[in-house]
Each structure stands twice: as C-alpha cells, then as structure tokens.
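The chain contents come next:
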Amino acid sequence: MIQTAAQPDTPKESPAKLMKCLIKEDLQKDGLSLKTDVREPAVGYGEVKIRVLSTAVCGTDKSIYNSARSEGIRKEMQRYLPGDNDYRPIIVGHEFCGIVEEIGPGVTAEHFAHAPSHLLIEPGDYVTAEMHLSCGHCSLCRTGNEHICINVKVKGVHLDGCFAQRVVVPYKNVILLGKGGNTADIPPRIGAMLDAFGNAVHTVQAANVSGKSVAILGAGPLGLMSVFLSRAFGATRIYLTEAADVERRFALADDFGADECLDVSQGSGQLYRSIEKFETGSNGVDVVLEMSGSLPAYQDAFKIVRNGGHVILLGIAREPLPKFDIANGVIWKGVTVQGIFGRKMFSTWETMLSLIKSDRLDLKNKLEKVLAKKLYGLHEYKEAFETLSNGKELKLVFSPEKN
Ligand SMILES: [Zn+2]
Ligand SMILES: [Zn+2]
C-alpha cells in the first residue's frame, strides 16, 4: 500500500566523511578551487546519495569558471539569494552518473510496494539524475511543465552539484541506468553526458523535423548531437554552421549526417547562398535550431527561416540582442519561436534512453566521438578547462575517483 502521510525518520548519526570536490568560491574571480576536506553531503528526507563515477563539463560550467567575465552567469547564480552579497560557495557541476550509496529516510519500501522490482532504485544501482529541481507546486509544475517551473533550482548553479565524489538528489529525480551497478549498456562516460544529450533531444523533438529542412547554428557538442538526431528523426536536408575550429567539427558533422557544413567565421554569405540554392520551393529553411548563443547567429536564424517556419532557441545569449528586427524577422514571416530549457520531466529522459539503447542508431558511439579521450581527475581541472577554452576538445569528463 502506498504510504501517504509518511513522517520523516530520524537521520542516522554517522561520522563525517570528507570528500574531494570543485567549488566556486568567488563570483568576481575566474576559476574554481579544488577542496579535499569537504564533508560528504548528508542524505535528507526523500533523497538519494550517489557515489559519482563520471561527471561531464558543459558550456554553463565554462561560464561559471569564467564568471568574472560574465555578468549573466553571476546574476543567474544569485537568482534566489536575497541580496547581492549573500553568495556562499557551492560545488559546481550538473552532468554525472554514479552508483547509489544510500537511500534517505522517507523513501521506504511501502511507497513502492506495487512497483515492479526492476524499476526500484536501490543501493548499488547505476544511475544518473535530472539536476533541475522543480518545486512541484507552481501552476507550471501542476500542468506538466516542470522543466519551466518558476522556482526551478539547478544543482551546480544554485545548489551544490556533482564535481565531487558524492552528490545527493531527490529520489524522484534519479534515473535508473543499470540495476545492480551494471554499466555494460551505457558506459559511464556516456552516462555522464545524458543531461546534455537530453538538451539536444528536447530541442530536435520540439522542432518536429521529420520531412523538413533544418539549419543548426553552432557545431559545439549540442549542435553536433542535433545533427545525428535530426538525421535519425527524418530531416530532409541538414545545414550546419560554425565559426571556430571548423575542420574537426565539420569532419564529425559529416560523419553524423550533415549535408552542408558552412564556415561563418568570415560572415554568412556562404550560408545564405547555400540555402538559396537548395530551398527552391520557399524563402528559407523549415526549421532553425540555434545552438551557439552567439549574437550573429540570431541574425542568421531569422534571416534564413522561411515564412511560417520555426526557430528553436537553445544557445544562451549572455547579453541582450542589439537591434533585433522583430517585424521582418518574426511578425511578417509568421515565424514560430520557441525557447528550450533543460529536459521535459521526464518524457525527454524516456525518449533519450530509448534512443540510446537502439543499437541500429549507434548513438553511444556517436556521443563518444564528441568526448575527449582522456579521463580527467578533479585535480586536473585547470588543464581541463584550459583544453575546453582553447578549443582543443569539445567536451570532457572528470572521474572523481582518479588520483
Ligand atoms: Zn549543462
Ligand atoms: Zn514549480
């Protein structure tokens, strides 16, 4: 029987264990700090404690690393704080996978008495987690829109995250990847990047690309993932733009199924000509996926979308758009614009796990190609962020257990 009025159990007393983690100490200064003497987080009511196997770095982490240069990320990290001087250091990181170590009070067998045992999450299971914590009470949460909850807090941005040896998350946010710690189906390097993969799945699904031409702006990890996803979802022609490190990114994109890879470092002329050449039935592409967050890309997005087309925005502009022509770009073209934040809870997760388990789509190998070969220890964080900043690698994974 489902227990409806569970009382919190008294938390067990246990000696404080210390762990290694990466902390953002001061928003006004670039960089992170490695700590080796931080207390492991205590598992609270309704929570699960996870030993982190792998944790991936994304663009948001890069912005946090370079926080002195980005007012946007400083504001974001202080969104829920009462005043500007109330910031307290947090553990960064929000993409990970690991092994369940402890289930907190309030998550009892009675709650799940009727659940099939293979769906239960128990100590020793291999899991990942949705790190966007919704409130469960606002009207958006109550109408199936938890991903845009007005009180959503992101672990690793507003709360302690997973660049650490242990992390605690609510039971309902835990996603089972392998019972009994079985990592054979989804290797930990891939398990660590599912959050990012989910962003791409959410974006491409929102665009409904089947039978349509798609322009993907930005060939970072999410843009590249969107190439193979658009291909898998039945897009007819895929254009991809990028302004940096184009040779390596376009080689990957070619492998993933892009039709036209266009270097926009010297301007967008080649992009416009290519679309004019192939999109002869209309005045642009059916769908634009903006994945770069760069200001010129927003201009391109509304220029190349056809009348009645869709522009889906995932890239995060860290400053306001200057001189955006909304009449010509959106209104008179009858364009539909949609912003994407996170993953739908939890339908995107269900879709991505189905996709990743399909051998025919070969997505695990494709995701692996986006990652740096080297597995970094947390103590190698400076080298890791340097490698990402200078474009030597697109995405990389930390193993907190590596010394
Ligand atoms: Zn991320
Ligand atoms: Zn809410």
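Residues numbered from 1 in each chain as written. Chains lettered and ligands numbered in written order. Predicted model: local features only at pLDDT ≥ 70, side-chain atom pairs only at ≥ 80, totals over all residues. Heavy atoms only, no water.

Visitor: Before we go on, may I ask you to explain the side chain of Q78 in this structure?
Guide: Tracing the sequence through the fold places Q78 in the loop between α2 (71-77) and β4 (90-91). Of the residues examined, Q78 reaches a relative accessible area of 16% and is grouped as buried. Leave out the neighbours within four places in its chain, and Q78 touches L27, D84 and Y87. (Helix = DSSP H or I, 4+ residues; strand = E, 2+ residues; numbered from the N terminus. Buried < 20%, exposed > 50% of the residue type's maximum accessible area, 1.4 Å probe, protein only. Contact = heavy atoms within 4.5 Å.)

Visitor: Would you mind showing me how to read the coordination of the zinc ion (ligand 2) here?
Guide: Under ideal tetrahedral coordination, the four donors around a metal are separated by 109.5 degrees; under ideal octahedral coordination, the six donors are separated by 90 or 180 degrees. Distances from the zinc ion (ligand 2) to its protein donors, namely C135 (SG), C138 (SG), C141 (SG) and C149 (SG), fall within the range 2.3 to 2.4 Å. Taken together, the 4 donor atoms coordinating the zinc ion (ligand 2) span angles of 102 to 118° at the metal, a pattern that classifies the geometry as tetrahedral. Site description for the zinc ion (ligand 2): donor spacing in sequence, C-x2-C-x2-C-x7-C. Grouping residues by exposure puts C141 and C149 together as buried. (Donors = N, O, S within 2.8 Å, 3.2 Å for Na, K, Ca; no water. Tetrahedral: all angles 85-135°; square planar, octahedral: opposite > 155°, others 65-115°.)

Visitor: Looking at this structure, how should I read the pairing of strand β1 (residues 18-24)?
Guide: Looking down a regular strand, the side chains alternate between one sheet face and the other. Where burial is concerned, most of β1 is hidden: 6 out of the 7 residues are buried. One ladder, built from 2 bridges, connects β1 with β4; its direction is antiparallel. The partner of I23 across the bridge, within β4, is I91. (Pairing = 2+ DSSP bridges.)

Visitor: Help me understand the nonpolar core in this model?
Guide: Considering soluble globular proteins, one finds that nonpolar side chains tend to be buried as a cluster. Of all hydrophobic cores here, the largest spans 53 residues; its most connected members are L194, F197, L229 and L289. Residue contributions to this core peak at 7 residues, all from helix α4 (residues 194-207). Both domains that meet at this core, namely domain 1 (18-192 + 362-398) and domain 2 (199-339), each give it at least three residues. In contact with L194, other than residues within four places in its own chain, are T128, L177, W349, M352, L353 and I356. Core analysis: the next-biggest nonpolar cluster, separate from the first, contains 23 residues, L22, L27, I90 and Y381 among them. (Core = buried A, V, L, I, M, F, W, Y, C linked by side-chain atoms within 4.5 Å. Domains from an automatic or database assignment.)

Visitor: Sorry, what's going on with the coordination of the zinc ion (ligand 1) here?
Guide: C58 (SG), H94 (NE2) and E95 (OE) make up the full set of protein donors to the zinc ion (ligand 1), lying at 2.0 to 2.7 Å. Each donor residue of the zinc ion (ligand 1) lies on one chain, and together they are spaced C-x35-H-E. On the criterion of sequence distance, the pair formed by C58 in the loop between β3 (47-56) and α1 (59-65) and E95 in strand β5 (residues 95-103) is long-range, its members being 37 residues apart. Residue C58 shares its accessibility class with E95, and that shared class is buried.

Everything listed is a geometric property; what it means functionally is a separate question.
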